[in-house]
Amino acid sequence: MASQTLLRYVASSAAKTGRLCLAGRTSTLRQWYTAPVHKLDKYSPEIVESDWYSWWQQRGLFDPKKVDNASNADEFSMLLPPPNVTGVLHIGHALTLSIQDAIARWNRMHGRSVNWVPGTDHAGISMQTVVEKKLERETGKTRHDLGRQAFIDKVWEWKHEHGDRIKQQTKSLGASLNWNEEYFTMDPRHSQLVRDAFIRLYDDGLIYRSTKMVSWSCALQSVISDIEVDKIPTEGRTLIEVPGTKAKVEFGVLHMVEFPIVDPAPHGPLSVRVETTRPETMLGDVALAICSRDDRYKGLEGKYVVHPLLAREIPIIHDDDLVNPEFGTGVITPAHDENDYACAQRHGLLVVPVFGPAGTVVDNPHFSDYIGKSRWETRRKVISDLKDTSAYLGSRDAETSVVSKCSRSGDIIEPMLMPQWYLRCSEMAKTADDLVQRGNVSLIPKRQQATWHSWLTETEDWCVSRQLWWGHRIPVYHVRWEGSIAVDLWVAATSEEQARAKALNKLSAGEKDLLASTTEGGAVCTVTQDEDVLDTWFSSGLLPLLAFNHASNSKMSSLDPDTCAQGPSKASLSTVLETGQDIIFFWVARMTMLCTYFAQIPPFSTVLLHPMVRDAQGRKMSKSLGNVIDPMDVINGAELSKLQDTLRRGYLSGQELKRGTKELAKMYPNGFQQFGADALRFTLLLYTQQTQQINMSLDGVRASYHFCNKLWNTFRFIHMHADKLEIHTDHVDQNSNKQWFADINDRELTVFDRALLSRLHGMLHTYHSAMEAYRLAAAAEAVRVFVQRDLCDRYIEICKLSLFGNQNATNQAISGSNDSSDNVITMVVSPHVRVVARLTGKVAAQPAQTTSTRKATSAATMAKLESELEKVRSVVGSAGYQRSAPDIVKEADTKRLEMLEAKIAAGRK
């Protein structure tokens, strides 16, 4: 019977999947009969999800298909943003993996060759910090005790021992990545690419060395990126813990200091009052600035004030760009404030540094009482000394201020003038902006285009150097000749020998002649490589050139535009980049600039940006707040004690740990239930409808867990009654789907069957449209509503009546075969399984073919159509139907009547 035919099909789908397939756990026709099958009485995500990943990998299901002469439409490539090798999977990673995996699987189901490339970032600052702490804990030594090369060897040891941790966690989420192409940003191929790219940019005149104001971490003794700076707003007096200090440090306080005027005018002011939140930097004051529009200080320009600490005179200057009349005045400390430095440049003022790289007062004879003291010790002593001179007028709370803190070390950032290497960005930024404005690169959501344009039109040159040991050492050499000629040159090269040769070529003809005529030993040449390493964003910005370059496995240069665009006429190196909107400039824009410069095509054609994940109250997730949600705890479950132990193993201060453990006990008194990866992934996809920020709650994961359980029970229901309907799931002909559908007689369908099929078609249409537009939340919601409301809560309950031989008055009032519900549940679940399974899409087999899609030319066919039309009209016109049939059934039957009438009219023509 047709019911058994269709139910065999749904059983075969269940046999092929063998388990809940919500997050991609469905097999393919390729050797599907060997897939893991779990016969459980109750849904258990741990058991269901346990052994599928190895099964997938063994069969190469994640590898790109090898297609000769494939067009761009047949290929889909995507790069996974590389997590830090030192890190563990956090909720942001889980969101990225969930979104990208759904996109990758959907494209595979459309027959495309999908290359989703994974990798890890060497994480310069994080890795060096982790290994340094481990070294100090185990041996009591610092990296300086070991020396550079020995320390780097220790870093590689750590990487080999612990570097696969995040990879295994990624697999636990079911991410269908092409692990054959896995990279590490310090591996030989990538290191060569980074070195070649830097040298090319340097030789093209785009990289230069300059002394500018940078964000300096005294704890790390390195420049850090803006993304590694946490801005902490303060209102009034605020105490903050700072590494290396026993007591908390005070911030958000304005200290008032009096500067006596030299030779004051009669009846004029005798002194000028200055307010500062950083009295420790007063040692570097070189001027006092006032606003020309401030009537209180008219006539003071050109005069001098006496510095109350250093007992020396400093000039009074007008600078309306720096001084706000409402605020009053400002002393200029150009060595430790970006705005003051700009003022000093405008007025030609001397720059006097106060603090060195370690954050202690420099050796300056004028600072004799302060030399070697830390910033905070200096602050206390400055205030004390000012009080002794009666120049200190007290303090008051600042209304608002911002404290910059290093996210890596917890140290307070010190603005500092340092010589660094910079990349000129203006021309490359314009190119990247034009790509978006012209539509060569699409940003989703579109509102990001305005932000993209604003940032790229105002971007500054990029500081690419870092004062670390772990990372890509900058391939620049300082070449110096001393003796008969004195020449200092910087050159970019692959070795000392090449550096010497390139430097020699840069000498003038006269210098070369003098060098050639010099007797042996008359000029000594020294070649020294720069100690700095490159910013990790520089190396990660080149990743598409390595991952999607046809020349990457050949002897040809990966930076050659001709080799980058090999194959079909490529519009971009890859198809899609999906990442967090917080790194749109640090990574996405810079990657666009660098890759387009070398390849002459953009690194991707579409950029999909997801929002930041925060807690249920909208707060940033922080261990000190106790609101961090670890994806592995959500997947595997975790008791409260385990969550609190995780906090204790971190680097929180005593007070932060106390607060964090208290908050954990308040928010999760019973810990985390074991929800499984499917529930977490489905929840995160639903959350992407929150486009500004995602407020993550375990209540959403719990709802998705119940959804998984409902879907599991749907398949269990089918398996339970397989024998009764003579269905055998141990072996089913994988090529028999078309034959089964051909045997279905749609005249047996009840109005409930037709209503469900109508809903199925509507869901599939919504799903496909949403996936094509990267609206994954809409796609997931369409699936959820269909499964829960239409399939399970309504149709399965009706199906049970037919299955168990019970047919109530409503069924009798609506004509149709007693078996039809068996037919339709099979028809519906099979394509639906593939949609839900990967949150993906191409339906492997379309629902049963209806009479509207067949040729209606013969008299017999016309007679059947007319008979069916009369039958439907009879049912629709019955009193029982009008009284009892749901609105969705009536809607479906109306469409059915229109379809039959159209088919008959076409046949008569």
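Per-chain numbering applies: the sequence of each chain, read as written, is numbered from 1 onward. Residue-level local features of this predicted model are given only where pLDDT is at least 70; pairs of side-chain atoms are given and counted only at 80 or more, and the full residue set underlies all totals for whole chains, interfaces and linings. Heavy atoms throughout the structure, all of them, feed into the side-chain values; hydrogens and water do not.

### Comments concerning the sheet that holds strand E16 (residues 392-397)
Then step 1. A strand pair is defined by DSSP finding two or more bridges across the two strands. In this text, helices come from DSSP runs of H or I with a minimum length of four residues, and strands from runs of E with a minimum of two, each type numbered from the N-terminal end. Taken together, the three strands give an open sheet; going across it, the order is E11-E10-E16, and neighbouring strands pair in antiparallel fashion. This sheet does not close on itself; its edge strands, each paired only once, are strand E11 (271-276) and E16. Ignoring strand direction, the axes of neighbouring strands in this sheet form an average angle of 25°.
Then step 2. In the sheet, strand E10 (residues 253-260) pairs with E11 via six bridges, with the strands oriented antiparallel. Bridging across to E11, Val-257 finds its partner in Val-274. In this analysis, axes come from line fits to C-alpha atoms, helices being fitted only over the stretch in contact, and the angle between any two N-to-C directions falls in the range 0 to 180 degrees.

### So, the environment of Ala-777
Then step 1. Within the secondary structure, Ala-777 is located in helix H27 (residues 776-803).
Then step 2. The buried label goes to any residue with under 20% of its type's maximum accessible area, the exposed label to any with over 50%, and the partly exposed label to all in between, with areas taken from a 1.4 Å probe on protein chains only. Of the residues examined, Ala-777 reaches a relative accessible area of 11% and is grouped as buried.
Then step 3. Sequence separation between Ala-777 and Tyr-687 is 90 residues; the distance between their C-alpha atoms is 6.6 Å.
Then step 4. We call two residues contacting when some pair of their heavy atoms lies within 4.5 Å. If sequence neighbours within four positions are ignored, Ala-777 has contacts with Leu-685, Leu-686, Thr-688 and Gln-689.

### Overview of the state of the cysteines
Then step 1. A pair of cysteine sulfur atoms is labelled a disulfide when the two atoms are within 2.5 Å. Under the criterion given, the structure shown has zero disulfides.
Then step 2. The closest cysteine sulfur to the non-disulfide-bonded Cys-218 is located on Cys-406, 10.0 Å from its own sulfur.
Then step 3. A residue is classified by how much of its surface remains accessible, and Cys-218, at 7% relative accessible area, is buried.
Then step 4. Among the residues examined, Cys-406 registers a relative accessible area of 1% and is labelled buried.

### Description of the environment of Ile-227
Then step 1. Residue position: Ile-227 is located in the loop between strand E6 (222-223) and strand E7 (229-234).
Then step 2. With a relative accessible area of 30%, Ile-227 lands in the partly exposed category.
Then step 3. Setting aside its immediate chain neighbours within four residues, Ile-227 contacts Trp-537, Asp-582, Ile-583 and Phe-586.

### Points about the sheet that holds strand E18 (residues 414-423)
Then step 1. Strand order in the open sheet formed by four strands is E6-E5-E18-E20, with antiparallel pairing between adjacent strands. Every interior strand has two partners, whereas the edge strands, E6 and strand E20 (462-463), have only one.
Then step 2. Pairing of strand E5 (residues 207-217) with E18 involves ten bridges; the strand directions are antiparallel. Bridge pairing links Tyr-208 to Tyr-422 in E18.

### Overview of the pattern of salt bridges
Then step 1. Between Lys or Arg on one side and Asp or Glu on the other, a salt bridge is scored when a side-chain nitrogen of the former is within 4 Å of a carboxyl oxygen of the latter. Following the criterion strictly, the structure yields 36 salt bridges and no others.
Then step 2. Among the salt bridges present, the one from Arg-375 reaches Asp-411, with a minimum N-O distance of 3.2 Å. Of the two residues, Arg-375 is situated in helix H11 (residues 375-388) and Asp-411 in the loop between strand E17 (401-406) and E18; the sequence distance between them amounts to 36 residues. By the burial criterion, Arg-375 is buried, and Asp-411 matches it.

### Re the packing of aromatic side chains
Then step 1. Think of it this way: a Phe, Tyr or Trp ring, Trp meaning its six-membered ring, pairs with another when their centres are within 6.5 Å, and the plane angle makes it stacked under 30 degrees, edge-to-face over 60, tilted otherwise. In the structure shown here, the tally under the stated rule is 22 aromatic pairs.
Then step 2. Residues Phe-151 and Trp-469 carry aromatic rings whose centres are separated by 6.0 Å and whose planes lie at 70° to one another, so their mutual orientation is edge-to-face. Separated by 318 residues along the polypeptide, Phe-151 in helix H7 (residues 148-162) and Trp-469 in the loop between strand E21 (465-466) and strand E22 (476-483) bring together distant segments of the chain.
Then step 3. With relative accessibility at 0%, the residue Phe-151 sits in the buried group.
Then step 4. Taken together, the ring pairs connect Trp-52, Tyr-53, Trp-55, Trp-56 and Phe-62 into an aromatic cluster.
Then step 5. Only lysine NZ and arginine CZ atoms are considered, and such an atom sits over a ring when it is within 6 Å of the ring centre and within 35 degrees of the ring normal. Its end group placed over the ring of Trp-56, Arg-105 keeps NZ or CZ at 4.7 Å from the ring centre.

### With respect to the nonpolar core
Then step 1. In these notes, a set of buried Ala, Val, Leu, Ile, Met, Phe, Trp, Tyr and Cys residues joined through side-chain atoms within 4.5 Å is what counts as a nonpolar core. In terms of nonpolar packing, the biggest core is built from 98 residues, with Trp-116, Ile-629, Leu-680 and Met-696 touching the most fellow members.
Then step 2. Residue contributions to this core peak at twelve residues, all from H27.
Then step 3. Not counting residues up to four positions away in its chain, the partners in contact with Ile-629 are Ile-91, Met-621, Val-634, Tyr-668, Phe-672, Met-696 and Leu-698.
Then step 4. The next biggest cluster of nonpolar side chains, apart from the first, holds 58 residues, and it includes Leu-456, Phe-538, Ile-584 and Trp-587.

### Regarding the pairing of E22
Then step 1. Of the strand pairs in this sheet, E22 and strand E23 (residues 487-492) are connected by six bridges, and their pairing is antiparallel. Residue pairing in the sheet places Val-476 in a bridge with Ala-492 of E23.

### Here we look at the packing of helix H4 (residues 91-109) against helix H26 (residues 751-772)
Then step 1. In the contact formed by H4 and H26, the axes pass within 11 Å of each other and the chain directions differ by 115°. Taken together, the axes of H4 and H26 are roughly perpendicular relative to one another. Two packed elements cross with a definite hand, and for H4 against H26 that hand is left-handed. Facing Ala-102, Ile-103 and Trp-106 of H4, the residues of H26 in contact are Tyr-767, His-768, Met-771 and Glu-772.
Then step 2. Its residues assigned to classes, the contact of H4 with H26 shows five nonpolar, one polar and one charged. Reported orientations rely on four angle classes, namely roughly parallel under 35 degrees, roughly antiparallel over 145, roughly perpendicular from 65 to 115, and oblique for the rest. Here is the rule for handedness: rotate from the far helix to the near one, and if that takes an anticlockwise turn smaller than a right angle the crossing is left-handed, while a clockwise turn gives right-handed. Throughout this entry, Asp, Glu, Lys and Arg are counted as charged residues, while Ala, Val, Leu, Ile, Met, Phe, Trp, Tyr, Cys and Pro are counted as nonpolar. The remaining residues, Gly among them, count as polar.

### Examining the pairing of strand E27 (residues 606-610)
Each regular strand shows side chains that alternate between the opposite faces of the sheet.
Then step 1. Burial analysis of E27 places five of its five residues in the buried class, the great majority of the element.
Then step 2. On E27, burial covers both faces: Thr-606, Leu-608 and His-610 on one face and Val-607 and Leu-609 on the other are all buried.
Then step 3. For strand E19 (residues 442-444) and E27, the ladder comprises three bridges, and the chain directions are parallel. When the bridges of E27 are listed, Leu-443 appears paired with Val-607.
Then step 4. Two elements, strand E26 (residues 576-580) and E27, share five bridges in a ladder whose sense is parallel. Residue pairing in the sheet places Thr-579 in a bridge with Leu-609 of E27.

### Quick word on the packing of helix H23 (residues 676-687) against helix H24 (residues 698-720)
Then step 1. For the pair H23 and H24, interaxial distance at closest approach is 8 Å and the crossing angle is 120°. Accordingly, the angle class assigned to the pair H23 and H24 is oblique. Here the hand of the crossing between H23 and H24 comes out right-handed. From H23, Asp-678, Ala-679, Leu-680, Phe-682, Thr-683, Leu-686 and Tyr-687 reach across to H24, where they touch Gly-700, Val-701, Ser-704, Tyr-705, Phe-707 and Cys-708.
Then step 2. Its residues assigned to classes, the contact of H23 with H24 comprises nine nonpolar, three polar and one charged.

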